[in-house]
Amino acid sequence: MKKYYITTYGCQMNVHESEKLAGILTSLGYSASECEKDADIILFNTCCIRENAEDRADGNIGALKKLKKQNKDLIVAVGGCMTQQKGYAEQLIKKFPFIDIIFGTHNLEDFKTLLQKKLLQKKPVLEILEKEQQIKEGTPKTRTSFPNAWVNITYGCNNFCTYCIVPYVRGRERSRKLVDIVNECKELINEGYKEITLLGQNVNSYGNDLGDVDFADLITEISKIDKKFRLGFMTNHPKDLSEKLIKALANSDKVCKRIHLPIQAGSNRILKLMNRKYTREDYFDKIDLLRKYIPDIAITSDIMVGFPTETEEDFLDTVDVVNRIGFAGAFTFVYSRRKGTPADKMDGQVDENVSKERIMKLIDLQNSINRKQSENYIGKVVEVLCEGFDQKKNMYLGRDTYGRMLYFEGNEQDLGEFVSVKVLSAGGISLMGQKVN
Ligand code: 5AD
Ligand code: SF4
């Protein structure tokens, strides 16, 4: 049997898109390979949101030259956000002439056709579509994260935050039909999946292009599915978080008690330059509203340092937000210049060393907050969805409704099930516990 090997860079959106690529390859009779050297086709699903994701992909593609020499039949394919950038595919093939297929974000679901084309011709297949296509339903998926499943609800983004390349490489926002999403969720739950995460660059604006439904309606509809499961979603733009939606979240017995609400920066001046369309005060108000309806909700965030012109004072505003809100977790990033974005042309790019210093301070602060939160867990009994087994720790692991990871002594039957765990100790951000009945 022929084998495939896929390397994924970037976010959950990409992880799920790789599940689609794997699904297409499975439908063609391929199976997953444990390593690159046993594979007949090696695929890179790339990301370009920050420079380091691009650099890693570049290095890994380059390293395949040797394998390609040893195995003339090996097919190397590169797709995703990085190749979708203007002129990038041509540059890539010049640099790595051994690549067989280059595709972008708008034709990922046509991979079967691209592969068949390549198998009939010697020269590389290089196909990047400039414009977004109509949503295609029914692409097979080989899911890799049971008992969790990802479900796309929107594609693309209309927000144009000034630092971000996503709207340029993923096109305008398009929503899947509510009935298609609900049916996919029903199927997954019937197959035994216990947690569904809805995916979109900004889930809160789901339905804006459909006219008659919004994200709150979608949440309410999926919550009606009559079996035990958890429902999560990401990412949310604070500007579109409405009271109607918060009420729908609070009224659902399926929605997880966590929300990922990227603030990006704590300074109003920087937020304006970022084109985020909210102030820090607006953000605090949204948090108050969330906590009014769901008092124990865990809030996580994305935070960036080193955006052009960021001063020490601006950075201290970010530190202040982190201190005040007490995020349950935060992804912290150093601003990365992306060609074609407005921020790339701004004066006042921040010195790399200054950014590094700021991010270290931010990480330390967030870690200390998480450590305190962990200590508060000790002695509590929480419901954990068992996701896997950690070989190193020799323990099972899973997450609670707040998204916290817990390790516990369990057995194989726990995999994919909800189990009650009493938290006994906390080491940094990981919690250890014991199963209780
Ligand atoms: N540089 C650094 N971080 C970025 N993000 C998006 N674009 C950039 C960039 N140019 C971060 C944002 C976003 C997350 C997915 O990635 O914080 O929320
Ligand atoms: Fe990028 Fe902003 Fe869209 Fe998120 S909302 S994908 S940060 S442009």
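Details of the structure are given in the entry above.
Summarised in this report is the structure supplied together with it.

Conventions used here
- Residues numbered from 1 in each chain as written.
- Chains lettered and ligands numbered in written order.
- Predicted model: local features only at pLDDT ≥ 70, side-chain atom pairs only at ≥ 80, totals over all residues.
- Heavy atoms only, no water.
- Core = buried A, V, L, I, M, F, W, Y, C linked by side-chain atoms within 4.5 Å.
- Buried < 20%, exposed > 50% of the residue type's maximum accessible area, 1.4 Å probe, protein only.
- Helix = DSSP H or I, 4+ residues; strand = E, 2+ residues; numbered from the N terminus.
- Pairing = 2+ DSSP bridges.
- Axes fitted to C-alpha atoms, helices over the stretch in contact; angles between N-to-C directions.
- Contact = heavy atoms within 4.5 Å.
- Left-handed = near helix turned anticlockwise from the far one by under 90°.
- Nonpolar A, V, L, I, M, F, W, Y, C, P; charged D, E, K, R; others polar.
- 1 Å grid on protein atoms, 1.4 Å probe; cavity = no way out; pocket = protein on both sides within 12 Å on 5 of 7 lines; lining within 4 Å.
- Points joined across faces, edges and corners; volume = space filled by probe spheres on them.
- Expected span 1.5 Å × (residues − 1).
- Arc of directions from axis to C-beta.
- Patch = residues over 30% accessible without salt bridge, like charges linked within 9 Å, V, L, I, M, F, W, Y side chains within 5 Å.
- Areas by Shrake-Rupley, 256 points an atom, 1.4 Å probe, with all protein chains shown as cover.
- Salt bridge = Lys/Arg side-chain N within 4 Å of Asp/Glu carboxyl O.
- Lys, Arg positive; Asp, Glu negative; His and termini not counted.
- Charge placed at Lys NZ, Arg CZ, Asp CG, Glu CD.

## Considerations on the nonpolar core
Then, number 1: Within the largest apolar cluster, 67 residues are counted, with the highest numbers of intra-cluster contacts made by Leu198, Phe215, Leu218 and Ile222.
Then, number 2: The element contributing the most residues to this core is helix α8 (residues 178-191), with 6 residues.
Then, number 3: In this structure, Ala39, Ile61, Leu67 and Tyr88 belong to the second largest nonpolar core, which totals 26 residues.

## Re the sheet that holds strand β15 (residues 381-390)
Then, number 1: Spatial ordering of the closed barrel is given by β15-β16-β17-β19-β18, a layout of 5 strands whose pairing is mixed. For this sheet the average axis-to-axis angle between neighbouring strands, irrespective of direction, equals 55°.
Then, number 2: Where strand β17 (residues 405-409) meets strand β19 (residues 430-436), 4 bridges bridge the pair, whose relative direction is parallel. Paired with phenylalanine 408 across the strands is glycine 433, a residue of β19.
Then, number 3: Running at roughly 125° to strand β18 (residues 418-427), helix α14 (residues 352-377) makes contact with β15, β18 and β19 of the sheet.

## Re the packing of α8 against helix α9 (residues 215-223)
Then, number 1: Two elements in contact, α8 and α9, have axes separated by 10 Å at closest approach and are oriented at 35°. With respect to the hand of their crossing, α8 and α9 are arranged in right-handed fashion. From α8, Leu178, Ile181, Val182 and Cys185 reach across to α9, where they touch Asp217, Leu218, Glu221 and Ile222.
Then, number 2: Here the contact of α8 with α9 is composed, by residue class, of 6 nonpolar, no polar and 2 charged.

## Brief notes about empty space enclosed by the protein
Then, number 1: Counted under the stated rule, the structure contains 2 cavities of 30 Å³ or more.
Then, number 2: Estimated volume of the largest cavity: approximately 260 Å³.
Then, number 3: Forming the boundary of the largest cavity are 15 residues, of which Thr105, His106, Glu109, Tyr155 and Arg174 lie nearest the centre.
Then, number 4: Contributing to the lining of the second largest cavity are His16, Lys20, Glu109, Lys136, Glu137, Gly138, Thr139, Lys141, Asn152, Tyr155, Arg176 and Glu184.

## Examining the layout of surface pockets
Then, number 1: Taken as a whole, the second largest pocket encloses approximately 770 Å³ of empty space.
Then, number 2: What lines the second largest pocket is a set of 29 residues, and nearest its centre among them are Gln84, Gln85, Lys86, Gly87 and Val169.
Then, number 3: If you list the elements that add at least two residues to the lining of the second largest pocket, you get α2 (51-62), α4 (81-84), α5 (88-95) and α7 (166-170).
Then, number 4: If you tally residues by element for the lining of the second largest pocket, the top one is α5, at 4 residues.
Then, number 5: The class makeup of the residues in the lining of the second largest pocket is 9 nonpolar, 8 polar and 12 charged.

## A short note on helix α12 (residues 280-293)
Then, number 1: Taking 1.5 Å per residue as the helical rise, α12 with its 14 residues ought to reach 20 Å, and the 20 Å between its terminal C-alpha atoms agrees with that figure.
Then, number 2: Along α12, the residues classified as buried are Arg280, Tyr283, Phe284, Ile287 and Leu290. Buried positions in α12, seen along its axis, are confined to an arc of 120° and lie on one side of it. Turned more than 90 degrees away from the buried face of α12 sit Asp288 and Lys292, all of them exposed.
Then, number 3: On its buried face, α12 sits against α10 (243-251), β12 (258-260), α11 (268-273), β13 (298-305) and α13 (312-325).

## Quick word on a negative patch on the surface
Then, number 1: Together, Glu281, Asp282, Asp285 and Asp288 line one region of the surface with negative charge.
Then, number 2: Counting through the fold element by element, aspartate 288 comes out in helix α12.

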